[in-house]
Amino acid sequence: MNRLRFLLLPGSTWRRLVADVGAVVLLLAVGIVGFAATFEGATYLVAAVGALVVGIALAWVGARWRWGVLTLAGATVAVYFLLGGALALPATTFLGAIPTLETWRQLAFGIVTAWKDLLTTVPPVASDDGHLIVPFLMTLVASVLTASLALRLRRPAWALIPASAFIAGEILLGTAQTVAPIVQGALFVIVAVIWLALRTLWSPERTAVEAATPGADASRAARLRRLVSGGVVVALATGAGAAVAATAAPPTQRYILRDFVVPPFDIHDYASPLQSWRGYVRDFESEPLFTVSGLPEDARVRLATMDAYDGIVYNVAEDGAGSSSAFTPVRSNMSPQAKGDESTVRVDIENLDGVWLPSVGSAHEITFAGDRANDLRRGAHFNDGTGTAVVTSGVHSGDQYTIDTTVPVEPTDEQLADQQFAPLKMPRQTGIPRSLSELASDATEEAETPIERARALESYLQSEGYFSHGLADDVYSPSGHGAARITMLVSNEQMVGDDEQYAVTMALMALQLGMPARVVMGWYPDEGEQDGSGVFTATGDNMHAWVEIAFEDAGWVTFDPTPDEDNEPSQQNTKPRANPKPQVLQPPPPAQEPAELPPALAEERDQDEEEPPGLDWLGPVLLWTGMGLGTLLLLLSPFLVIGGVKAARRTRRLRAERTADRVSGGWDELVDRAVDYRVAVPPGSTRAESARAVGETFDGPRVATLAQRADAEVYGPGDPTPEDVDAFWREVDEIVAGMAGGATFWQRLRARLSLRSLRRGGIRRTARRP
């Protein structure tokens, strides 16, 4: 019967319903489109549009069946958990639609953590990493609120508050890159103006007032023309202003939360892996550090990429986005611009430890396996610019993971012949030995093109240098790559060192000539080191360091300046090795050697020179506290909006221009509060009739007396005084307080959140003083 009654709704009701739903769809679509710059592809639309449709349907059902706020909020929560898996987390569901325990776990935690995960992930964000919870939840709440206010209230302008908050939230959680912002703003304003104009035109209050006024037809027609023409003028002005702003206005700064988020992982908390070079060579000469299965031919395994030198150590830079320290949580769409051969490799950790994670090529996705898979996944971070990865929990024996990656094809010198060096801004370098500048100029004197100059540096070190790890049976070669050690390398009669010194020396020489260079530490198999099944075993013996120089079109190109390991120096032209026998007096070290501190002392000096702790912690604490409060406000927004609407209604009645209207408004306030306590007051009742209905539940004699007093004040010969108005409202407040005093806590809460009195707004139930 209810369905048949709905189908037989009058045309004006259908017309208003279509206008309200259409306006809500268009207003919220502005915010949904804005998410396009944040997410990869258009798959996020499934979650956002699905939430929009479900939210509007839920709001319509709630309005149709007259659900209270608590009932509507409970239904919204139920829909979130029932449909959130299919729309936002399909990978966790059964058959892509049926939620599982994992689905509900991620949805529950996602209410709090999804915001942080979205802000700490480099856009465009993948749609299958749980990030779709954000647009799904935001759109669901916004559509329920906006549609409920539009369908229930006679003053639909209140619906613009949640719609505007939704767009503001999308902007704050989005990126600095905008999606037609002028068009979005213009569309929002135009839709809002036309919709509010139509709702005012179709308002029952306007119909009732004009129908009771002599000459209503002519007056109504004139007002219709003014209203429609005014709406058209506003819409056209808004569109014209948007067009002019789009072409003439300069770009403005867009403030987003992503710009203020402190990355959760700081690689500078850990020492540069290049400082441990000699330890790996000495302690793991034949011991396997890890194995790589499926390593493509000519591919390299990189552990760390370093681009900043301070005279003591080569490390990752201190700069922000785009530098070697810009690590973000691992996701499924990393390195989107990578070009080369697609490959999948598997890494099994054996004796390697530390936070650095061996990687191959430009990784797109890293999938962990084994007992520590969840811990590794939660703490894994990746740097798209350098192709390196880290895990905050550190790697341990038994860890396993698979990398879906793209291995770039190394360009030939012929392909690089016409290319210039890439115009990159490298980090500031300090402590570079002065002798390297002149040495680099001499080495590249005959080179003409950029690639020839880079090859000249590589060839010079390869041909003029000698190789030695400086271990027990090797020619003397101190460890380290500080300024003193590099000066020793190039100033001695013979250059003696290993990958650590030669890679750093070439990178510093290249930087002195204006080449964008960086040092990479990793592994690559020499001839015969990869077995027949394609498994490569990384040890300290086959560990390498090389240099990468950026070219304009080819990107980072690899250079190997280290001499062949067979090219050993003669003992008589090098510094004698120390004799460990105590009776032999050892010669003093070279003059330049004391300038280089051992790693332990260098770390102590760094700690001594650190500034005292300040308030750096305050920013992250305030940020996450604000995000938590924002989430709480989002969940409480239905209650806040309803409370605000009722408070504004009371203020409007109390401050009416005429004192008689204030008295009439006081009576309306009393009746509305009783209606919220579920007292059945028929619409259009006189004050006497309303008093009988209210008095059956609350303080009948006093309510009846107050109704008579209201009629006397409104219809009496003169206007009531302000003192009469204050006395009347005080009595209203006392009766309302008595209503609350006789109710339980849940009854009072339900009354405060009830929409019953708001649905009865518009035309008042009793006549006003003429």
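Residues numbered from 1 in each chain as written. Predicted model: local features only at pLDDT ≥ 70, side-chain atom pairs only at ≥ 80, totals over all residues. Heavy atoms only, no water.

A.B. asks: Just to check I follow, could you spell out the pattern of salt bridges for this structure?
C.D. replies: Two side chains bearing opposite charge may form a pair once their charged atoms approach each other closely. Applying the stated criterion to the full structure yields 19 salt bridges. Close ionic contact of D560 with R300 constitutes a salt bridge, the shortest N to O distance being 2.7 Å. Of this pair, D560 sits in the loop between β18 (555-559) and α17 (599-609) while R300 sits in the loop between β1 (290-293) and β2 (301-306), and the two are 260 residues apart along the sequence. Notably, a salt bridge pairs E548 with R518, separated by 2.9 Å at the nearest N-O pair. Separated by 30 residues along the polypeptide, E548 in strand β17 (residues 543-551) and R518 in strand β15 (residues 517-523) bring together distant segments of the chain. For the pair E548 and R518, a shared accessibility class is recorded, and that class is buried. When salt bridges with common partners are traced through the structure, they connect R649, R653, E669 and D672 into a single cluster. (Salt bridge = Lys/Arg side-chain N within 4 Å of Asp/Glu carboxyl O. Helix = DSSP H or I, 4+ residues; strand = E, 2+ residues; numbered from the N terminus. Buried < 20%, exposed > 50% of the residue type's maximum accessible area, 1.4 Å probe, protein only.)

A.B. asks: Any chance you could explain the sheet that holds strand β12 (residues 400-407) here in plain terms?
C.D. replies: Sheets are built from strands paired through backbone hydrogen bonds, the pairs being either parallel or antiparallel. An order of β9-β12-β6-β1-β16 is seen for the five strands of this open sheet, with the pairing classed as antiparallel. Each edge of the sheet is formed by a strand with only one pairing partner; in this case those strands are β9 (362-369) and β16 (535-538). The average undirected angle you get between the axes of adjacent strands in this sheet is 20°. Pairing geometry for β1 and β16, over four bridges, is antiparallel. Bridge pairing links T291 to T537 in β16. (Pairing = 2+ DSSP bridges. Axes fitted to C-alpha atoms, helices over the stretch in contact; angles between N-to-C directions.)

A.B. asks: Any chance you could explain a nonpolar patch on the surface here in plain terms?
C.D. replies: On the surface, L82, L83, L101 and W104 cluster together into a nonpolar patch covering about 410 Å² of accessible area. Contributions of two or more residues to the nonpolar patch are made by α4 (69-88) and α5 (101-119). Along the polypeptide, L82 turns up in helix α4. (Patch = residues over 30% accessible without salt bridge, like charges linked within 9 Å, V, L, I, M, F, W, Y side chains within 5 Å. Areas by Shrake-Rupley, 256 points an atom, 1.4 Å probe, with all protein chains shown as cover.)

A.B. asks: Sorry if this is basic, but what is going on with the packing of aromatic side chains here?
C.D. replies: To describe a pair of aromatic rings, one takes the distance between the centres and the angle between the planes. Evaluated as defined, the whole model comprises 16 aromatic pairs. Joined through ring pairs, the aromatic side chains of F35, F39, Y44 and F166 make up one cluster. Over the ring of W546 we find R300; its NZ or CZ atom is 4.8 Å from the centre of that ring. We note R518 situated over the ring of W556; from NZ or CZ to the ring centre the distance is 3.8 Å. (Phe/Tyr/Trp six-rings, centres within 6.5 Å; stacked < 30°, edge-to-face > 60°. Lys NZ or Arg CZ within 6 Å of the ring centre and 35° of its normal.)

A.B. asks: Would you explain the packing of helix α3 (residues 44-64) against α4 in this entry?
C.D. replies: One way to put it is that α3 packs onto α4 with a least axis distance of 11 Å and a crossing angle of 150°. Comparing their axes, α4 and α3 come out roughly antiparallel. Seen along the crossing, α3 lies across α4 with a hand that is right-handed. Contact with α3, carried on its side by V46, A47, G50, A51, V54 and L58, involves L72, A75, T76, V79, L83, L87 and A88 of α4 and no other residues of that element. Across the contact of α3 with α4, the residue classes break down as eleven nonpolar, two polar and no charged. (Parallel < 35°, antiparallel > 145°, perpendicular 65-115°, else oblique. Left-handed = near helix turned anticlockwise from the far one by under 90°. Contact = heavy atoms within 4.5 Å. Nonpolar A, V, L, I, M, F, W, Y, C, P; charged D, E, K, R; others polar.)

A.B. asks: I keep staring at the nonpolar core and nothing clicks. Help me out?
C.D. replies: Generally speaking, a soluble globular protein has its nonpolar side chains buried in company with each other. In terms of nonpolar packing, the biggest core is built from 80 residues, with F290, Y314, I366 and I549 touching the most fellow members. Sequence-distant contacts of F290, that is, excluding residues within four places in its chain, are made with V301, V347, D348, I349, E350, L352, P358, W523, F536, T537 and A538. Within the second largest apolar cluster, 63 residues are counted, among which are V30, V144, I642 and L753. (Core = buried A, V, L, I, M, F, W, Y, C linked by side-chain atoms within 4.5 Å.)

A.B. asks: Help me understand unusual backbone geometry in this model?
C.D. replies: Here the phi dihedral of S335 falls at roughly 50°; this positive angle occurs in a residue that is not glycine. In this structure, S335 sits in the loop between β5 (328-329) and β6 (341-349). The backbone phi angle of R678 is positive, close to 70°, even though this residue is not glycine. On the basis of relative accessibility, which here comes to 47%, the residue R678 falls in the partly exposed class.

A.B. asks: So what exactly am I meant to see when it comes to the packing of helix α19 (residues 659-676) against helix α20 (residues 687-695) here?
C.D. replies: Between two packed helices, both the angle of their axes relative to each other and the distance between the axes serve to describe the pair. Direction vectors running N to C along α19 and α20 enclose 35°, while the axes themselves pass 11 Å from each other. Handedness of the crossing formed by α19 with α20: left-handed. Facing S664, W667, V671 and A674 of α19, the residues of α20 in contact are R687, S690, A691 and V694. Considering only residue class, the contact of α19 with α20 consists of five nonpolar, two polar and one charged.

A.B. asks: Even after reading the chapter, I still don't get the sheet that holds β18, so can you show me in this structure?
C.D. replies: Ordered by their spatial adjacency, five strands build an open sheet running β8-β2-β15-β17-β18, and the pairing between neighbours is antiparallel. Since the sheet does not close on itself, it has two edges, and those belong to β8 (359-360) and β18, each with one partner. Of the strand pairs in this sheet, β15 and β17 are connected by seven bridges, and their pairing is antiparallel. Within β17, the residue paired with W523 across the bridge is M543. Lying over the sheet, helix α14 (residues 450-464) contacts β17 and β18, oriented at roughly 30° with respect to β18. Helix α16 (residues 499-512) rests against β15, β17 and β18 of the sheet, and its axis sits at about 15° to β17.

Note that all results are geometric; they support no functional claim without further evidence.
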